[in-house]
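A look at the structure
Residue strings, one per chain:
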Amino acid sequence: MPLMRIDVIKGHDEAYLKTLLDIAYEVQVDKFATPEGDRYQVLTQHEPFEMQILDTGLGIKRTRDVVVFNLVTRPRSTRAKLDFYQTLVDRLNKELGIRKEDVVFSLVPNNDDDWSFGNGEAQFLNGKL
């Protein structure tokens, strides 16, 4: 059950953003084996000056198409993470023309007791999920 936060620079149309969200969800289901319907995505659009995404000395030049993915998720294997990164970058590049250099990821692991899906309950712990 990842909570996926996606940050982009303003200026993309609704169809582009919907496709971005759909691709990210499809790759999540495939690479993290999450169930269909396990979709928690929050997309935030920013003014260009609000996103300062440098290259950490790697020589990467960012464009206005930069996308930052931050996922809060159960622990995942290194292989699953690497497959997720590569597959998502490849699809975004192929289907939306986003440069691979413009996609940044950060995964934050958490545990079952870190989730409540409503009603003040911990559904992973009480057996409802």
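These figures come from a predicted structure and were not determined experimentally.

Scanning the chain from terminus to terminus reveals three helices and four strands. Its C-alpha atoms give the chain a radius of gyration of 16 Å, within 12% of the compact-globule value 14 Å for 129 residues. With respect to the three principal axes, the spread of C-alpha positions in the chain is 45 × 30 × 25 Å. By residue count, 36% of the 129 residues in the chain fall in the buried class. Only carbon and sulfur atoms are counted for the fraction: they give 50% of the accessible area of the chain, which is about 7500 Å². A gap of 3 Å separates the mean positions of the 17 positive and 21 negative side-chain charges of the chain.

Moving on: the packing of aromatic side chains. All told, the structure shown has eight aromatic pairs when counted by the stated rule. Ring centres of F84 and Y85 lie 6.4 Å apart, and the angle between their planes is 65°; on these two criteria the pair is classed as edge-to-face. On the accessibility criterion, F84 (0% relative accessible area) is buried. In this structure Y85 comes out as partly exposed when scored by relative accessible area, which is 25%. Relative to F117, the ring of W115 lies with its centre 5.9 Å away and its plane at 5°, an arrangement referred to as stacked. In this structure, R74 packs its charged tip against the face of F124, placed 4.1 Å from the ring centre.

Moving on, we get to the pairing of strand β2 (residues 41-46). Pairing geometry for strand β1 (residues 3-9) and β2, over six bridges, is parallel. When the sheet's bridge partners are listed, I9 is paired in β2 with H46. Remark: the β1/helix α1 (residues 14-32)/β2 crossover connection has right-handed handedness.

By the criterion of burial, strand β3 (residues 67-73) is predominantly enclosed, with five of the seven residues buried. Pairing geometry for β3 and strand β4 (residues 103-109), over seven bridges, is parallel. Residue pairing in the sheet places V68 in a bridge with V104 of β4.

The rules behind the values
Residues numbered from 1 in each chain as written. Predicted model: local features only at pLDDT ≥ 70, side-chain atom pairs only at ≥ 80, totals over all residues. Heavy atoms only, no water. Helix = DSSP H or I, 4+ residues; strand = E, 2+ residues; numbered from the N terminus. Rg over C-alpha atoms; globule rule 2.2 N^0.38 Å. Buried < 20%, exposed > 50% of the residue type's maximum accessible area, 1.4 Å probe, protein only. Areas by Shrake-Rupley, 256 points an atom, 1.4 Å probe, with all protein chains shown as cover. Lys, Arg positive; Asp, Glu negative; His and termini not counted. Charge placed at Lys NZ, Arg CZ, Asp CG, Glu CD. Phe/Tyr/Trp six-rings, centres within 6.5 Å; stacked < 30°, edge-to-face > 60°. Lys NZ or Arg CZ within 6 Å of the ring centre and 35° of its normal. Pairing = 2+ DSSP bridges. Right-handed = clockwise from strand over helix to strand, strands pointing away.

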